[in-house]
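Descriptive structure summary
One letter stands for each residue in the lines below.
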Amino acid sequence: MSFTLPPDLVSYLAELDDFIATKIAPLQGSNDNQRFFDHRREHSRTDWENQGIPRDDWEDLLSECRRLADEAGFYRFCLPEEFGGKNGGNLWMAVIRMHLAKKGLGLFNDLQNEHSIVGNFPDVLMVKEFGTEEQKKEFIHGRLNGTRSFAFGLTEPNHGSDATHMFTHAIPTTTPQKGFLISGAKMWISNMHRATHCLVFARTSGKPGDALGITAFFVPKDAPGFEIESYEWTFNMPTDHASLTFTDVFVPESAVLGEVGKGLAIAQTFVHENRLRQAASSLGAAEFCIEESIKYARRRKPFGKELASNQGIQFPVVELSTQAEMLRLLILKTAAEMDQMTQKEIERDLGDKVSMCNYWGNRLCTQAADRAMQIHGGIGYSRHKPFEHIYRHHRRYRITEGSEEIQMRKIAAYLFGYVGPRKAELSKL
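Values in this document were obtained by computation on a predicted structure and should not be read as measured data. (Residues numbered from 1 in each chain as written. Predicted model: local features only at pLDDT ≥ 70, side-chain atom pairs only at ≥ 80, totals over all residues. Heavy atoms only, no water.)

Moving on, we get to the overall build of the chain. The secondary structure content of the chain amounts to 14 helices and twelve strands. On C-alpha atoms alone, the chain measures out to a radius of gyration of 22 Å, which is about the 22 Å that the 2.2 N^0.38 rule sets for 429 residues. Judged by the C-alpha coordinates and their principal axes, the chain covers about 80 × 65 × 40 Å. Considering the chain as a whole, with its 429 residues, one finds that 51% of them fall into the buried category. For the chain, the share of sequence-separated contacts (at least 6 apart) that also reach a separation of at least 24 residues comes to 69%. Summed over its atoms, the accessible surface of the chain is roughly 20,400 Å², and 53% of this surface lies on carbon and sulfur atoms. The centroid of the 51 positive side-chain charges in the chain is displaced by 5 Å from the centroid of its 55 negative side-chain charges. (Helix = DSSP H or I, 4+ residues; strand = E, 2+ residues; numbered from the N terminus. Rg over C-alpha atoms; globule rule 2.2 N^0.38 Å. Buried < 20%, exposed > 50% of the residue type's maximum accessible area, 1.4 Å probe, protein only. Contact = heavy atoms within 4.5 Å. Areas by Shrake-Rupley, 256 points an atom, 1.4 Å probe, with all protein chains shown as cover. Lys, Arg positive; Asp, Glu negative; His and termini not counted. Charge placed at Lys NZ, Arg CZ, Asp CG, Glu CD.)

The following block contains the structure:
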C-alpha cells in the first residue's frame, strides 16, 4: 500500500502553481484588485445599496480569472473530454482542492463564491446524466459559453433537511399548452442574482415525506409569477442567497429534468463528490490556519521568549495538526475508493466515510481559524489577517451541504447497520 501521490498528480500541482504565479497573481496585483482580498475585502465585494449582493467589478474579476484558467486548460479539469475536460477523478480533485485552499485567500481559489481555477461542475454533470438532448445543448453548452446558468431550488422557508416535506407543488395543466403550474416558495437559493433559470423541485404527487412524487423543473427567471423577494444577509457578505416565490408559474413539459416524480434522485446526484470536495477544501483552509499559527508563534517573542515555547500554545496546535493529518488520509482513501465504484456502490459502501470527511473537515476548519485568531491575538481578530473571513465562510458548511447533525445521523445509520454493508449482519442481533 502506497501513501505517495502519483507523480503525474504532483506535476500537475506544479503546473497549477506556475499558472498562478505567471497569470493569476499579476491579475490580482493590478488595478487595486488586492482590495478584494485584504482588510477591505467584505466592503469591496459587497453592493450594500443593492440588497447586499456581490458587486459587478468583483464578479467581473472572477470571470476574467476563470477565462484565463479555461484558456490554459485547467478550468474544466473534472469534466468529461466531450465538454473540454480531462475526466478528473475524485482523488485528483480532492488533492487539488486541498492544495489550493492551503494557500490561503487569493483570486486563484475563492471559496466564498465556489470559485476556483479548477472548476467544480455538479450542474453540468447533473444535466449530462438526466437531461434531454435539447436540455444538454442549452444548459451544458450554454453554461460553458456563459449564456445559461441555473440555481438549485430545493430548500424552503420551512423545510431544509426535511426536503421531502416541501410545500412547493406543481399541478398538470393544458393551458396555454401541456405543462405544469408551480406554486410555492424557496429560500437560501445561491447565485440567483446571476442565474438565467432556477431548477425548482416541486411535489407533483404523493404525500409529504414521500421520496417519490418530487419533480425537477427548469424555470426561467423572467417567467410570470416568479419573484425574487429578497436576498438574505449572512454572517459572511456579500450574499447571493435569495428568497423566491412562485405563483402559478407555467412551464412546459420540456422543462422537466429527468422523470416526473423522480426528482429527489436528481437532487442527490453527485452529493458524495461535492461533500468530499468540500471536505478537502475545508481541510486545506484548516492547514493554512495551522501553518500560519506555527510561523507566528515562532516569530512572536512576548516577555523575551518565543510564544511557541509555551505548552498553552503548543498543545491546541498539536491536536489540530493530528486531526488534520488523520482527516487527510481518510479523504484520500475515500476519494481513491470512490474512483473505483459506481454511484450506487458509493452510496452503499462509502456514504458514511464521505459524511465523516465532510462534517469533520468543516468543523476542523472553524476550529483551526478560531485557534489562529487566538494565537495571533489582536491582529488575528482583525481583518488584516484572513482568519475571521475563513471562519465566517466555512462556518456555513456546518449547516449547508448537509448539516453536521444530518451527516452524523447518516454515519450512525451505517455504524448500527440500519443501512450499508452491515445491515444484514446486524439485523440478526
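There's plenty left to go through after this.
It is worth spelling out the packing of aromatic side chains at this point. Counted by the stated rule, this structure contains 18 aromatic pairs. Seen in terms of ring centroids, Phe288 and Phe387 are 6.4 Å apart; in terms of plane orientation they differ by 40°. Their pairing is tilted. Here Phe288, found in helix α8 (residues 271–299), pairs with Phe387, found in helix α12 (residues 387–394); they are 99 residues apart in sequence, far enough to count as distant. Like Phe387, Phe288 is buried. Pairwise contacts between aromatic rings join Tyr12, Phe19, Phe74, Phe77 and Trp92 into one cluster. (Phe/Tyr/Trp six-rings, centres within 6.5 Å; stacked < 30°, edge-to-face > 60°.)

Over its twelve residues, helix α13 (residues 404–415) runs 16 Å from end to end, which matches the ideal 16 Å to within 8%, given 1.5 Å per residue. All of the buried residues along α13 are Glu404, Gln407, Lys410, Ile411, Ala413 and Tyr414. Summarising the contacts, the buried residues of α13 are in contact with α8 and α10 (343–376). (Expected span 1.5 Å × (residues − 1).)

Let us look at the side chain of Glu232. Residue position: Glu232 is located in the loop between β10 (226–231) and β11 (242–252). Within the local environment of Glu232, its side chain forms a polar contact with the side chain of Ser230, the two groups lying 2.4 Å apart. With sequence-adjacent residues up to four places away left out, Glu232 is seen in contact with Met187, Trp188, Thr239, His241 and Ser243. (Polar contact = N/O pair within 3.5 Å; in protein donor to acceptor, adjacent residues only side chain to side chain.)

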